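Spelled out from the first residue to the last, the chains are:
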Amino acid sequence: MDMQNSNSINTDAKMLLDHAKTLRFHTGNLVSRSRLKKKCPGSPTEEDFPDTLDCFVPQETDVITPEEREEVKVSAKLFLCESVQSSIRDAVEMACQTLAVSQLDSVIIAPPGPLENDSQTLAHLQPAWEELETLVKSQQIAAIGTSDLDKDLLEQLYNWAQVKPSSNQVNLASCCVMPPDLTAFAKEFDIQLLTHNDPKELMSAGTFQETMQDGLQDGLQDLNVADWRLEWVLRYNVIVKSRGIIKSKGYLVSARKASP
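Residues numbered from 1 in each chain as written. Predicted model: local features only at pLDDT ≥ 70, side-chain atom pairs only at ≥ 80, totals over all residues. Heavy atoms only, no water.

## Here we look at the confidence of the model for the protein
When the pLDDT values of the protein are averaged, the result is 81; 74% of them are 70 or greater. Scored below 50 in pLDDT, residues 34-47 makes 31 contacts in the model with residues more than four places away or belonging to other chains. (pLDDT = per-residue confidence, 0-100. Contact = heavy atoms within 4.5 Å.)

## Section: the packing of helix H2 (residues 85-99) against helix H3 (residues 122-137)
Look at H2 against H3: their axes get within 9 Å of each other, and the N-to-C directions meet at 35 degrees. Crossing angle aside, the handedness with which H2 passes H3 is right-handed. For the pair formed by H2 and H3, the contact residues are Gln-85, Ile-88, Arg-89 and Val-92 on the first element and Pro-127, Ala-128, Glu-131, Leu-132, Thr-134 and Leu-135 on the second. When the residues that make up the contact of H2 with H3 are grouped by side-chain class, the tally is six nonpolar, two polar and two charged. (Axes fitted to C-alpha atoms, helices over the stretch in contact; angles between N-to-C directions. Helix = DSSP H or I, 4+ residues; strand = E, 2+ residues; numbered from the N terminus. Left-handed = near helix turned anticlockwise from the far one by under 90°. Nonpolar A, V, L, I, M, F, W, Y, C, P; charged D, E, K, R; others polar.)

## Here we look at the nonpolar core
Counting residues in each nonpolar core, the largest one holds 44 residues, and the members touching the most others are Leu-78, Ile-88, Leu-104, Leu-132, Ile-141, Trp-232 and Leu-234. Within the residue set of this core, elements represented by two or more residues are strand E3 (72-80), H2, strand E4 (104-110), H3, strand E5 (141-147), helix H4 (151-160), helix H5 (180-188) and strand E8 (228-240). In this view, Leu-104 contacts Val-74, Ala-76, Val-92, Ala-95, Cys-96, Gln-140, Ile-141 and Ala-142; residues no more than four positions away in its chain are not counted. One finds Phe-79, Met-212, Leu-230 and Ala-255 within the second-largest nonpolar core, a separate group that totals 13 residues. (Core = buried A, V, L, I, M, F, W, Y, C linked by side-chain atoms within 4.5 Å. Buried < 20%, exposed > 50% of the residue type's maximum accessible area, 1.4 Å probe, protein only.)

## Thoughts on H2
The first and last C-alpha atoms of H2 sit 22 Å apart over 15 residues, in line with the 21 Å expected at 1.5 Å per residue. Of the residues making up H2, those classed as buried are Ser-87, Ile-88, Ala-91, Val-92, Met-94, Ala-95, Cys-96, Thr-98 and Leu-99. Ala-100, located one to two residues past H2, shows a positive phi value of around 60 degrees. (Expected span 1.5 Å × (residues − 1).)

## Concerning unusual backbone geometry
It is generally the case that most residues other than glycine have a negative phi and that most peptide bonds are trans. Phi angles above zero are rare outside glycine, and Ala-100 is one such case at about 60 degrees. Tracing the backbone through its elements, the reader meets Ala-100 in the loop between H2 and E4.

## With respect to the pattern of salt bridges
Applying the stated criterion to the full structure yields six salt bridges. Across the pair Asp-198 and Arg-235 runs a salt bridge whose closest N-O atoms are separated by 2.9 Å. Residue Asp-198 is located in the loop between strand E7 (192-196) and helix H6 (205-215), and its partner Arg-235 is located in strand E8; the two are separated by 37 residues in the primary sequence. Arg-235 carries the same exposure label as Asp-198, and that label is buried. One salt bridge connects Arg-256 with Glu-231, and the closest N-O pair in it is separated by 3.0 Å. Residue Arg-256 is located in strand E9 (residues 245-257), and its partner Glu-231 is located in strand E8; the two are separated by 25 residues in the primary sequence. (Salt bridge = Lys/Arg side-chain N within 4 Å of Asp/Glu carboxyl O.)

## Topic: the pairing of E4
Burial runs high along E4: seven of the seven residues are buried. As judged from the five bridges shared by E3 and E4, these two strands associate in the parallel manner. Note that in E4 the partner of Leu-78 across the bridge is Ile-109. The β-α-β motif built from E3, the intervening H2 and the parallel element E4 has right-handed crossover chirality. Looking at chain direction, E4 and E5 are connected through four bridges and run parallel. (Pairing = 2+ DSSP bridges. Right-handed = clockwise from strand over helix to strand, strands pointing away.)

## Points about the packing of aromatic side chains
As enumerated under the stated definition, the model contains three aromatic pairs in all. Taking the centre distance of 6.0 Å and the plane angle of 90 degrees together, the rings of Tyr-158 and Phe-185 count as edge-to-face. Of this pair, Tyr-158 sits in helix H4 while Phe-185 sits in helix H5, and the two are 27 residues apart along the sequence. Here Phe-185 and Phe-189 contribute two aromatic rings whose centre-to-centre distance is 4.7 Å and whose plane-to-plane angle is 40 degrees, an arrangement assigned as tilted. On the basis of relative accessibility, which here comes to 5%, the residue Phe-185 falls in the buried class. Here the aromatic cluster, defined as three or more aromatic residues joined through ring pairs, consists of Tyr-158, Phe-185 and Phe-189. The ring of Tyr-158 has Lys-164 sitting right over it, with the charged end atom 4.9 Å from the ring centre. (Phe/Tyr/Trp six-rings, centres within 6.5 Å; stacked < 30°, edge-to-face > 60°. Lys NZ or Arg CZ within 6 Å of the ring centre and 35° of its normal.)

## Regarding the environment of Glu-210
Here Glu-210 lies in helix H6. A relative accessible area of 54% means that Glu-210 is categorised as exposed. It is 9.4 Å that separates the C-alpha atoms of Glu-210 and Ala-226, two residues lying 16 residues apart in sequence.

## With respect to the side chain of Ser-248
Checked against the element boundaries, Ser-248 lands in strand E9. Overall, Ser-248 belongs to the buried group, its relative accessible area being 2%. Discounting residues that sit within four places of it in the chain, Ser-248 has contacts with Asn-29, Val-31, Asp-62, Tyr-236, Asn-237 and Val-238.

Encoded structure:
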């Protein structure tokens, strides 16, 4: 690529990033170990600056055909970085569009942690859970689950919720054995207990901004990545039911530019 073309691409990219309000990334199918590449509109004009920039690998996005839909299970875990309920709907809709399905079989929610020195409470969970319930009622999600709830909080959520949690993930890094009271409650109310080893914060704001800065091409390093804040990260798995193997897995990430 000659210098003139490189400068033109950098100018176009800077104009797009300057005008965009939302950035969304899709890693593609990580089973194939492909690298993320940016696919953005070329040579933008003042009239067609998109509000949302989608960066993805088209050839590595394994969509699910109607013929194979009944043969696979699509599950997701949604890590919310901000307490904005519209983020849940945005993430689910993006996952459905990316995989070409009308419904996710299950979604586990990992809401943003409580403020320092505070503990997680039912009031902290309710807004996110209500949005999940709306998506279940509109048939965009079949089942919803939680992450890292102890027996008391899981029981409070179960008694309050209209759509009951179907699962609860437990981090075995901090709990080597399932607590007996949690196990007994889950068995009584048919809640599946799963294990995970995810960190409390899948990606910090600082890590996201560093990664974004590192990914900028030469000539774009003057862009202020601090203007962008991470909204949510969704991890999905597509599992072949009859064989129990992962057909595809990947991450969707959304960031929004801070209001001036």
